[in-house]
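Results of the structural survey
Residues per chain are reported as follows:
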Amino acid sequence: MHGEPFRSGFVAIIGRPNVGKSTLLNSILGEKIVITSDKPQTTRNRVKGIHNIPGAQIIFIDTPGIHRATSMLNRYMVDEALASIREVDLILFVMEANAPAGSQESLILELITDVAIPVILIINKIDLVPKSALLESIERYARLNRFREIIPVSALSGDAWSKS
C-alpha cells in the first residue's frame, strides 16, 4: 500500500419506493445498517454505508424512493434522492423484476437521461420471475443504450443471475 494511491468513490442507489434499495445496500455491506420494510418510504433521508476494499472505499448512498410527490414530506424525500444524483461518481438504478416498467420508472429514466455519470441498472427480485421474463426485461432495457451494465440480482438472498 505504500506509494499506491488510495481511491474512494460515491455511489447513489436510486429507484422508486419499495424496489429493494435498502436491502441491496445491506447485502453489499454484509450487515443490516438500513431499516427495511414492506411499507413505502421507510428511507426518508439519505443513508450512507461504506464498503472497504483493498486500497479503496466505496461510499454508497441509499436514497428515498423517487416518485411523483404531492405532499411536502414526499417532495422533500424526492429532492433528497435527486440531490444524490448530482454528488456521485456512479448511479445504481434499482428496478423490480416482477413489476412492469411504469410511469415512475419513466420519470427516473427522464431524470438520468442527460446525466454524465455512469448508470448501472440493477434488476432486483429475480427470484420472483421466470428466467424468460427476466431475459425480456434485460433485452428491453439494453435497447435503451443508457446503462453501463445491467445486473439482475436478488438483494434479499444475495444471488446474482448469469446467462450460463
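Residues numbered from 1 in each chain as written. Predicted model: local features only at pLDDT ≥ 70, side-chain atom pairs only at ≥ 80, totals over all residues. Heavy atoms only, no water.

**Some details on the overall build of the chain**
In terms of regular secondary structure, the chain is built from four helices and seven strands. For the chain, the sequential pattern of α-helices and β-strands runs β-α-β-β-α-β-α-β-α-β-β. For the chain, with 164 residues in total, the buried portion stands at 45%. Nonlocal contacts in the chain, meaning residues at least 24 apart in sequence, comprise 68% of its contacts between residues at least 6 apart. As presented, the chain carries roughly 9,300 Å² of accessible surface, and 53% of it is formed by carbon and sulfur atoms. (Helix = DSSP H or I, 4+ residues; strand = E, 2+ residues; numbered from the N terminus. Buried < 20%, exposed > 50% of the residue type's maximum accessible area, 1.4 Å probe, protein only. Contact = heavy atoms within 4.5 Å. Areas by Shrake-Rupley, 256 points an atom, 1.4 Å probe, with all protein chains shown as cover.)

**Quick look at the environment of L128**
Within the secondary structure layout, L128 lies in the loop between β5 (119-124) and α4 (131-142). With 32 residues separating them along the chain, L128 and E96 place their C-alpha atoms 9.3 Å apart.

**Some details on the pattern of salt bridges**
If you walk through the whole model with that rule in mind, you get two salt bridges. E96 serves as the salt-bridge partner of R16, at 2.5 Å between the closest nitrogen and oxygen. A residue pair is termed long-range when its members are at least 10 positions apart, and R16 in the loop between β1 (7-14) and α1 (21-29) and E96 in strand β4 (residues 90-96) qualify at 80 residues. What makes R16 buried here is its relative accessible area of 14%. Between K125 and E96 there is a salt bridge, with the nearest N and O atoms lying 2.5 Å from each other. Highlighted residues: K125 in the loop between β5 and α4 and E96 in strand β4, separated in sequence by 29 residues. Its relative accessible area of 22% is what places K125 among the partly exposed residues. Bridged by salt links that share partners, the residues R16, E96 and K125 form one connected network. (Salt bridge = Lys/Arg side-chain N within 4 Å of Asp/Glu carboxyl O.)

**Observations concerning unusual backbone geometry**
One non-glycine residue, K125, adopts positive backbone phi at about 65°. Unusually for a residue other than glycine, N145 sits at a positive phi of about 50°. Within the element layout of this structure, N145 appears in the loop between α4 and β6 (149-154).

**A word on the nonpolar core**
Counting residues in each nonpolar core, the largest one holds 25 residues, and the members touching the most others are I14, I91, F93, I112, L121, L134 and F147. Listing elements by their share of this core, those giving two or more residues are β1, β4, α3 (103-112), β5 and α4. Here the element with the most residues in this core is α3; it accounts for four residues. I91 has contacts with A12, I14, I85, I112, V115, I117, P118, V119 and I120, leaving out every residue within four places of it along the chain. (Core = buried A, V, L, I, M, F, W, Y, C linked by side-chain atoms within 4.5 Å.)

**A word on the pairing of strand β3 (residues 56-62)**
Buried residues dominate β3, accounting for five of its seven residues. Both β1 and β3 contribute to a ladder of seven bridges, which runs parallel. Note that in β3 the partner of S8 across the bridge is Q57. (Pairing = 2+ DSSP bridges.)

**What about the side chain of S154?**
Here S154 lies in strand β6. Given the relative accessible area of 2%, S154 is considered buried.

**Section: the confidence of the model for the chain**
Looking at the chain as a whole, its pLDDT mean stands at 79, while 71% of the residues score no less than 70. Confidence over residues 40-44 falls short of pLDDT 50; this stretch has 21 contacts with residues more than four positions distant or in other chains. (pLDDT = per-residue confidence, 0-100.)

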